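The lines below spell out each chain.
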Amino acid sequence: MNKAKKEESDLEIRKEMERRVLQDRPIRFDWVIKRLLYRKANFNVLNGFAVLAGLLAILLLVPSCTTEDEVPDLSDEGTNGWIYKIMADYYLWNEDMPGKGNLNFSQSPDKFFDSLLSDQDGVKYGDGWLTFSRIEKKEEETKSVSESDSYGFEFASYKNGNLYYAWVLYVLPGSPAAEAGLERGDWIIAVGSETPNVTNLSAFYSGGETTFLLADAVRKGNEVTFYKRKTISVAASRAVEDTPFLKDSVYTVGGKKVGYLVYNSFSSGPDDESTIYDDRMKQVFAGFKVENVDEFILDLRYNQGGLVTCAQLMTSLLAPADALGKTFCIMEHNEKQSKSDETLLLRKNSEIGNANLDLKRIYVLTGSVTASASEAVINCLIPYLTRSNITIIGEKTIGKRVGSNTFGTKEKYGWLLHPITLRIYNADHEADYANGFEPDVKIEELVIGNDLLPFGDTNERLLSEALSRISGLKSLPVHAESEVVFCSPRHLSKENKRKVLSSRRENKASCAVYA
């Protein structure tokens, strides 16, 4: 690549850096949700993307200098040589990598990649270990809500022997699932059958025209019984827009106006070139401002991350007015890439439609998969609100204080690498949530037997708790842990995507199905 072309390439990359950072989903949400739900990303712009999917990251300057005449060695050994070079240059913990002489370059690339990872890479999750860096073969899609092909609902899975049941967490508007009448809280125990038959979770994601057998789950002690309820017909899966806005409402509680937003992913639009979701966010908050909202409940229970610019925008809309223009976050890389370190600022009110709410406190609803950009919003509000004015209700978050980049999008190797490449701090240069943010009020939502009421229903468990605390009325009792706690959202239990056990604790309940 000649000097002029390289300078032009660097300039284009810097322009892109001003706007975005892609999320770390298998490219969107590994689970039900980009959230370790993975949204399909466009990899045609840059050679290396910084991701923040459960992680927060920023673009690295890694323009491609290969030519069409250069044919890489695509054997395992050649691929592993490329992997080693990328990791040695960009991996946050590159100093922890084994020496070349202690590595087996003839291994399969996925095993070789794993052999390079630091013990610092990941967090304890239940009885297992959740590794942040990952490798995947190209052209893989693993989330149930995919814009390209989906029934259009997200779920958590319950395993009974070798059979899977799906607990519907939400349904996207205009999707085959919505048209069929599927609702949040429904249990699906069979697909295309009148008896339980799902042995692979992919049956819930997409497929041809079929039927879903719905059931009611009844729990007595450690015994769970599923009673068949009805069968619904579902159209073939198709492209479904995975909107991050699931619900917004305003309530009057004790003379106060309370804003409520269920925000499912930090996405700027249906694809990485669009900003329509950012525009929508400004419109939603402008509506809150017109309503004179003075208390706010941000529902991130299923949100596992997204674009850093979206987290920056969200925080700018929530923060005290006098914080605008000050530091949002600080991103730091390894010593080799320290030139890429950067500080992002909270946006000025004029840049966000004058929709800043000037909040003095906030209530955040979390789940066991809340991560990354979601955690960054909490952490980056602390210097301006203080932790005591941020009430977290729900479950402990993941604890992802790091970001990753994607490598291999233009190279001919058959793999995409997503190594951790940076740390992210708030304005006080703090990120004290390596083990996740502990909730101030612990409520486990996904316990079999619980009702999953519609988002916005004032009796819904997490929302009700927040409203009770705002009103000053007696809040719900803290719920004790149970042996029959529902499995973690799918994105954390997908094989070959996350090194973590399929549930947060062993499910010791017996299970039966009746007509």
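Scroll up to find the structure this text is about.
Participant: It is not clear to me how the overall build of the protein should be interpreted in this structure. Could you clarify?
Facilitator: Scanning the protein for helices and strands turns up nine helices and 24 strands. Considering the protein as a whole, with its 515 residues, one finds that 58% of them fall into the buried category.

Participant: What is the right way to read helix 9 (residues 461-471) from this model?
Facilitator: Side chains of residues three or four places apart in an α-helix project in the same direction, reflecting 3.6 residues per turn. With respect to burial, helix 9 is a largely interior element, eight of its eleven residues being buried. All of the buried residues along helix 9 are Leu-462, Leu-463, Ser-464, Glu-465, Ala-466, Leu-467, Ser-468 and Ile-470. Close packing links the buried residues of helix 9 with strand 13 (245-253), strand 14 (256-263), strand 15 (295-299), strand 18 (362-366), strand 19 (390-394) and strand 23 (441-442). Looking one or two residues past helix 9, Gly-472 carries a phi angle of roughly 85 degrees, positive in sign.

Participant: I would appreciate a short explanation of a negative patch on the surface in the present structure.
Facilitator: On the surface, Glu-95, Asp-96, Asp-119 and Glu-335 cluster together to form a negatively charged patch. Inspection of the secondary structure assignment puts Asp-96 in the loop between helix 2 (76-90) and helix 3 (109-115). A residue is classified by how much of its surface remains accessible, and Asp-96, at 39% relative accessible area, is partly exposed.

Participant: Looking at this structure, I do not really get the pattern of salt bridges. What am I missing?
Facilitator: Pairs can form between side chains of opposite charge whenever their charged atoms are close. One pass over the full model with this rule turns up 18 salt bridges. Where Asp-216 meets Arg-229, a salt bridge forms, and the shortest distance between an N and an O atom there is 3.1 Å. With Asp-216 in strand 11 (residues 210-220) and Arg-229 in strand 12 (residues 223-234), this residue pair connects regions lying 13 residues apart in the sequence. Notably, a salt bridge pairs Asp-299 with Arg-301, separated by 2.8 Å at the nearest N-O pair. By relative accessible area, which is 1% here, Asp-299 ends up buried. Through salt bridges with shared partners, a single ionic network connects Arg-184, Asp-299, Arg-301, Glu-445 and Glu-460.

Participant: Would you explain the pairing of strand 16 (residues 327-333) in this entry?
Facilitator: Consecutive residues of a regular strand have side chains that alternate between opposite faces of the sheet. Burial analysis of strand 16 places five of its seven residues in the buried class, the great majority of the element. Note: strand 16 against strand 22 (residues 420-425), four bridges, orientation antiparallel. Note on strand 22: the bridge partner recorded for Glu-332 is Arg-423.

Participant: Looking at this structure, I do not really get the packing of helix 7 (residues 308-318) against helix 8 (residues 373-385). What am I missing?
Facilitator: Each pair of packed helices can be summarised by the angle the axes make with each other and by the distance between the axes. Orientation of helix 7 relative to helix 8, taken along the N-to-C sense of each, is 40 degrees, at an axis distance of 10 Å. Here helix 7 and helix 8 pass one another in a crossing that is right-handed. Of the residues in helix 8, those in contact with Ala-311, Met-314, Thr-315 and Leu-318 of helix 7 are Ala-373, Val-377, Cys-380 and Leu-381. When the residues that make up the contact of helix 7 with helix 8 are grouped by side-chain class, the tally is seven nonpolar, one polar and no charged.

Participant: When you look at the environment of Ala-431 in this model, what are you seeing that I'm missing?
Facilitator: The residue Ala-431 is located in the loop between strand 22 and strand 23 in this model. Along the sequence, Ala-431 and Cys-380 sit 51 residues apart, while their C-alpha atoms lie 8.9 Å from each other. Other than its neighbours up to four places away in sequence, Ala-431 contacts Asn-379, Arg-401, Ile-424 and Tyr-425.

Participant: Before we go on, may I ask you to explain helix 6 (residues 276-290) in this structure?
Facilitator: Helix length check: helix 6, at 15 residues, gives a terminal C-alpha distance of 21 Å against a target of 21 Å (1.5 Å per residue), a fit within 8%. Residues of helix 6 that are buried include every one of Tyr-277, Asp-278, Met-281, Lys-282, Val-284, Phe-285 and Phe-288, and no others. The arc that holds every buried residue of helix 6, seen down its axis, measures 160 degrees, which confines them to one face. Among the exposed residues of helix 6, those oriented more than 90 degrees off its buried face are Gln-283 and Val-290. Downstream of helix 6 by a residue or two, Asn-292 has a phi angle that is positive, lying close to 60 degrees.

Participant: Hey, could you run me through the nonpolar core in this one?
Facilitator: Within soluble globular proteins, side chains that are nonpolar tend to cluster in buried spots. If you look at the biggest cluster of nonpolar residues, it comprises 51 residues, and the most contacted ones within it are Leu-261, Tyr-263, Phe-285, Phe-296, Leu-298, Met-314 and Leu-318. Leave out the neighbours within four places in its chain, and Leu-298 touches Leu-261, Tyr-263, Met-314, Leu-318, Ile-362, Tyr-363, Val-364, Leu-365 and Val-377. The next biggest cluster of nonpolar side chains, apart from the first, holds 39 residues, and it includes Ala-190, Leu-246, Tyr-363 and Leu-446.

Participant: When you look at the side chain of Ser-267 in this model, what are you seeing that I'm missing?
Facilitator: Within the secondary structure layout, Ser-267 lies in the loop between strand 14 and helix 6. A distance of 2.9 Å separates polar atoms of two side chains, one belonging to Ser-267 and the other to Ser-265.

Participant: Can you help me understand the packing of aromatic side chains in this one?
Facilitator: Each pair of aromatic rings is reported with the distance of its centres and the angle of its planes. Considering all chains together, one arrives at 26 aromatic pairs under this definition. Look at Tyr-151 and Phe-212: their rings are 5.5 Å apart centre to centre, the planes differ by 85 degrees, and that puts the pair in the edge-to-face class. Of the two residues, Tyr-151 is situated in the loop between strand 7 (134-137) and strand 8 (153-160) and Phe-212 in strand 11; the sequence distance between them amounts to 61 residues. Taking the relative accessible area as the measure of exposure, Tyr-151 reaches 2% and is therefore buried. Looking at Phe-212, the relative accessible area reads 0%, which means it is buried. On the basis of an interplanar angle of 25 degrees and a centroid distance of 5.4 Å, the ring pair of Phe-285 and Phe-296 is categorised as stacked. Within this pair, whereas Phe-285 is found in helix 6, its partner Phe-296 is found in strand 15, the two being separated by eleven residues in sequence. On the basis of relative accessibility, which here comes to 0%, the residue Phe-285 falls in the buried class.

Participant: Even after reading the chapter, I still don't get unusual backbone geometry, so can you show me in this structure?
Facilitator: The phi angle at Thr-386 is positive, at roughly 75 degrees, despite the residue not being glycine. Owing to a relative accessible area of 37%, Thr-386 belongs among the partly exposed residues under this scheme.

Participant: Quick question: what am I supposed to make of the sheet that holds strand 18 here?
Facilitator: Spatially, the six strands line up as an open sheet ordered 13-14-15-18-19-23, and their pairing is mixed. Since the sheet does not close on itself, it has two edges, and those belong to strand 13 and strand 23, each with one partner. The pairing of strand 18 with strand 19 spans five bridges and is parallel. For Tyr-363, the partnering residue across the bridge sits in strand 19 and is Thr-391. Seen against the sheet, helix 9 touches strand 13, strand 14, strand 15, strand 18, strand 19 and strand 23 and runs at an angle of roughly 160 degrees to strand 18.

Each value, and the rule that gives it
- Residues numbered from 1 in each chain as written.
- Predicted model: local features only at pLDDT ≥ 70, side-chain atom pairs only at ≥ 80, totals over all residues.
- Heavy atoms only, no water.
- Helix = DSSP H or I, 4+ residues; strand = E, 2+ residues; numbered from the N terminus.
- Buried < 20%, exposed > 50% of the residue type's maximum accessible area, 1.4 Å probe, protein only.
- Contact = heavy atoms within 4.5 Å.
- Patch = residues over 30% accessible without salt bridge, like charges linked within 9 Å, V, L, I, M, F, W, Y side chains within 5 Å.
- Areas by Shrake-Rupley, 256 points an atom, 1.4 Å probe, with all protein chains shown as cover.
- Salt bridge = Lys/Arg side-chain N within 4 Å of Asp/Glu carboxyl O.
- Lys, Arg positive; Asp, Glu negative; His and termini not counted.
- Charge placed at Lys NZ, Arg CZ, Asp CG, Glu CD.
- Pairing = 2+ DSSP bridges.
- Axes fitted to C-alpha atoms, helices over the stretch in contact; angles between N-to-C directions.
- Left-handed = near helix turned anticlockwise from the far one by under 90°.
- Nonpolar A, V, L, I, M, F, W, Y, C, P; charged D, E, K, R; others polar.
- Expected span 1.5 Å × (residues − 1).
- Arc of directions from axis to C-beta.
- Core = buried A, V, L, I, M, F, W, Y, C linked by side-chain atoms within 4.5 Å.
- Polar contact = N/O pair within 3.5 Å; in protein donor to acceptor, adjacent residues only side chain to side chain.
- Phe/Tyr/Trp six-rings, centres within 6.5 Å; stacked < 30°, edge-to-face > 60°.

Keep in mind that these numbers describe shape and distance, not what the molecule does.
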